[in-house]
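Now for the letters of each chain:
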Amino acid sequence: MSSPSPDRTPDPATTPDPAIAAEQVAVTDLYRRLDAARELAVTRFRQALASPVINPQSLGEREAAARFHSQRITALDAADHGLVIGRLDREEQPAPLYIGRVGLPADDPAGDPALVDWRAPASRPFYTATPFRPEGVVRRRHVRTRSRAVTAVNDEVLTVRPEDTDGPALTGEAALMAALTAQRTGRMADIVATIQAEQDAIIRSDARGVLVVQGGPGTGKTAVALHRAAYLLYTHRDRLARSGLLVVGPTPTFLRYIADVLPALGETGVLLAGLGQLRPGLDARGSESQQVAEVKGRLAMVDVLKAAVRDRETVPRGVRELRIDGVPIKLRSVDLTRCRTTGRRASRLHNLGRPAFRRALVDLVAQRYADRIGADVRGGGSLLDSRDLDALRSEIAGETAVRALVDEMWPVLTAEQLLGDLLASPERIQRATKGWTEEDRALLARPAGTPWTPADVPLLEEADELLGYDDSADRAREARRRRQARDEAQETLDLLYGSRSTDLDDDEDGEELTAGDLLDAEMLADREAEVDVRSAAERAATDRTWTFGHVVVDEAQELSAMTWRLLARKCPTRSMTVVGDLAQTGSLAGATDWGAVLTPHVRVQWRLAQLTVNYRTPAEVMAVAADVLAAGGAGTTAPRSVRSTGVPPVAERVTEATLLPRVAEVTAELATAGGTVAVVVPPSRVDDVVGRLRAGWPSVSSGPAADSSAGPVVLVPADAKGLEFDSVLLVDPAAVLAEGVRGHSDLYVALTRPTQRLTVLHPGELPGELDRLTEAGGTGD
Ligand SMILES: Nc1ncnc2c1ncn2[C@@H]1O[C@H](COP(=O)(O)OP(=O)(O)OP(=O)(O)O)[C@@H](O)[C@H]1O
């Protein structure tokens, strides 16, 4: 906790009105400019749409211009809410510099802009200047508004050094506290007005390489990661508009929770994906045990999949006999093995090696057939010349028996077929997992048709890398389409030419140009070609080979090695922001050491930044959580809370019989207190608690898609990760400890979710780690 610095206006209520009135004049003028900028953008957008399209290039240009102006309109619309953040009064500069959500030009282009975008370099001192390092700033003023009206201003004078305090140095403390104590809505809000210096340094850090942001719960990792995404889109707009930016979060609930932040910052072209959605076209929501997910997340699965692919390139034992036109052809396994080797040499990728394998097999059968009939007819060598052999080959390639043998020995495979067949067959698993224990093999097995899980996603993607996609049929189709388009275009040109007035031939002045003179059929066909006008995010969402210009990973401690491998492939430049907390790792497959998980994929290209201040959890609650962290032996210290509520968290002992009724009563009390409510439970109690609460709140939701904006939610710690609620009711902490594979992490996560109130109900003894909790008189025995 910090005490306010001297010369700060301590309370908005005491701020003299003249300051508010003066700021209202400035704010009204800036809104006038915003409206004008929006009007201009709308006009330009309309003009772009109306511009003529004469060829694919002009269509592309028109779409690019329309997209640019529509994005500008979106950004200006988003900026309407809280347009002005504050101002800087600077040494030797008479006019203040206003900082806001977007940049707005001044009448005099030579001077400062009327409003500077919060991401522009000139805005930086607004977040970083301190009395010890004022960066030329004399005073920082936070301006708070509702609709377009100024409601408060808070000043910090940076020419006077505060006395030493033992709390963290805060920027714009009054505005920050107002934001932190506001009731939650179930959706994360942006923090542009109150970004703190240590957060700003991360947001503006170089885009190159992998930046790992480690920080305890509530330190703003998610907020910082999203603001960094907005900053990078602003600073590297052209590059990232082309290549796209991907934000990866753990669950659908989490993605919904953060979904409003980037649009509120005027950025809509970002792809948000959960771990189950990293494969275009698939939303993997199946569930499985942590142990199974851990096995599937090991890098060793790469070799397993390689072996599984080779296992599908089979050679029948002994001699295989085919009948072609009634002629028996004997194929020995040694010859078939040679065909397989030809296929494997032709391509590293299974599906791309198949044409070469098929050709080799057809050649083999054709040769044997030729040998047979040549020998039969004349009793000597083959009489067929090479032309005959070619004809024979194409006939043989179409023979059902030959096609069946090709499919048997070298089937075309999709990733889903490869993985589904593998996991559904203990024999295939056995053959693909050399050196594995029987226990691990058993964990991999799953019945055919089981829904895909998030842990399957990197395996499917890896399988695609091994299988490849034979696009020869697509290319042949495209060539046919082009030929047809060209023929049609030629017909059009012929018609145009044919309809030309013959009188003109004799006309001495001249020459009238027709379409045929300016265009050839190829160009005309090109005109008809489709131009892909989708944004990078839209295209990336449907293209599994898409690679992103930047990837942001939240709750990164939960990712398995296979998921890291997948993300590294999706981001070949390794421009990534990775945020997480090793002390909150709950999954068995997750990280306990950033170097260990990242080095195999990014080698030395990563750097670490730390966040140390908890903006979410009140100090009273955090003291309890810190004990749990220490008891779990995490080796890290809990972050310092920036505020206290004066309300101690309470524990109440219950019996098994009174547990559910008390859950319902306490949930009702917390809901009455206002804001969002989460009931965090061990996995074994989810169904009972949901069942009980549904009587009072039919819409109560639970699981990875729960929505706290619609009423209380029931969550296991893994699904509560990254989220926050005004009130949390923690049920049966001893079972949370016992049931989690990393029980202390789970309990730590559960305890650090509330922004205001925490109540704990415990049947049986309270775990020693929670001794600090104040016991309320309960109904326990
Ligand atoms: N500078 C700030 N100004 C206002 N609010 C902030 C600031 N920094 C963080 N917060 C708020 O603190 C809360 C916690 O932030 P966030 O969820 O980003 O933390 P986290 O580090 O990701 O936590 P966890 O590890 O639990 O997922 C959010 O409500 C966020 O808006």
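Residues numbered from 1 in each chain as written. Predicted model: local features only at pLDDT ≥ 70, side-chain atom pairs only at ≥ 80, totals over all residues.

### Considerations on the sheet that holds strand β11 (residues 550–553)
The strands making up a sheet associate through backbone hydrogen bonding, with each pair oriented either parallel or antiparallel.
Right, on to step 1. Spatially, the six strands line up as an open sheet ordered β8-β7-β11-β12-β6-β13, and their pairing is parallel. Both edges of this open sheet fall to β8 (270–274) and β13 (606–611), since each of them pairs with a single strand only. Put simply, the sheet's adjacent strands are angled 15° from each other on average, direction ignored.
Right, on to step 2. The pairing of strand β7 (residues 245–249) with β8 spans five bridges and is classified as parallel. The partner of Leu246 across the bridge, within β8, is Leu271.
Right, on to step 3. Against the sheet, helix α6 (residues 221–235) touches β6 (210–215), β7, β8, β11, β12 (576–580) and β13, its axis set at about 170° to β12. (Pairing = 2+ DSSP bridges. Helix = DSSP H or I, 4+ residues; strand = E, 2+ residues; numbered from the N terminus. Axes fitted to C-alpha atoms, helices over the stretch in contact; angles between N-to-C directions. Contact = placed C-beta atoms within 7 Å.)

### Here's the deal with helix α12 (residues 333–346)
Right, on to step 1. The terminal C-alpha atoms of α12 lie 20 Å apart, and with 14 residues this matches the ideal 20 Å at 1.5 Å per residue to within 8%.
Right, on to step 2. Turning to α12, its buried residues are Leu336, Cys339, Arg340 and Gly343. Looking straight down α12, one finds its buried side chains confined to an arc of 100°; they lie on one side. When the buried face of α12 is taken as reference, the exposed residues oriented beyond 90 degrees from it are Val334, Thr337 and Arg345. (Expected span 1.5 Å × (residues − 1). Buried ≥ 20, exposed ≤ 12 C-beta atoms within 10 Å, placed from the backbone. Arc of directions from axis to C-beta.)

### Side note on the packing of helix α26 (residues 619–631) against helix α31 (residues 743–751)
Right, on to step 1. Two numbers describe how α26 lies on α31: the axes approach to 9 Å, and their chain directions differ by 170°. With respect to each other, α26 and α31 are oriented roughly antiparallel. Between α26, through Val621, Val624, Ala625, Val628, Leu629 and Ala631, and α31, the contact on the second element is made entirely by His744, Leu747, Tyr748 and Leu751. (Parallel < 35°, antiparallel > 145°, perpendicular 65-115°, else oblique.)

### What about unusual backbone geometry?
Right, on to step 1. Despite not being glycine, Glu555 has its phi angle at roughly 50°, a positive value.
Right, on to step 2. Topologically, Glu555 is positioned in the loop between β11 and α24 (561–570).
Right, on to step 3. We classify Glu555 as buried; it has 26 C-beta atoms within 10 Å.

### With respect to the UniProt feature "binding site: ATP" (unreviewed entry) in the protein chain
Right, on to step 1. With numbering matched to this structure, UniProt assigns "binding site: ATP" (unreviewed entry) to Gly215, Gly216, Pro217, Gly218, Thr219, Gly220, Lys221 and Thr222.
Right, on to step 2. By the element assignment, Gly215 lies in strand β6.
Right, on to step 3. Residue classification places Gly215 among the buried positions, given that 24 C-beta atoms sit within 10 Å.
Right, on to step 4. Residues in contact with Gly215, not counting those within four places in the same chain, are Lys221, Asp581, Gln610, Leu611, Thr612 and Pro639.
Right, on to step 5. Here Thr219 lies in the loop between β6 and α6. (UniProt positions renumbered as here; feature names shortened; annotations may be inferred.)

### As for the pairing of β12
Right, on to step 1. Most of β12 sits out of view: five of its five residues are buried.
Right, on to step 2. Strand direction decides the pairing type here: β6 and β12, joined by five bridges, are parallel. Residue pairing in the sheet places Val212 in a bridge with Val578 of β12.
Right, on to step 3. Across three bridges, β11 lies against β12 in parallel orientation. In the sheet register, Val552 faces β12, and the bridge partner there is Thr577.
Right, on to step 4. In terms of handedness, the path from β11 via α24 over to β12 forms a crossover that is right-handed. (Right-handed = clockwise from strand over helix to strand, strands pointing away.)

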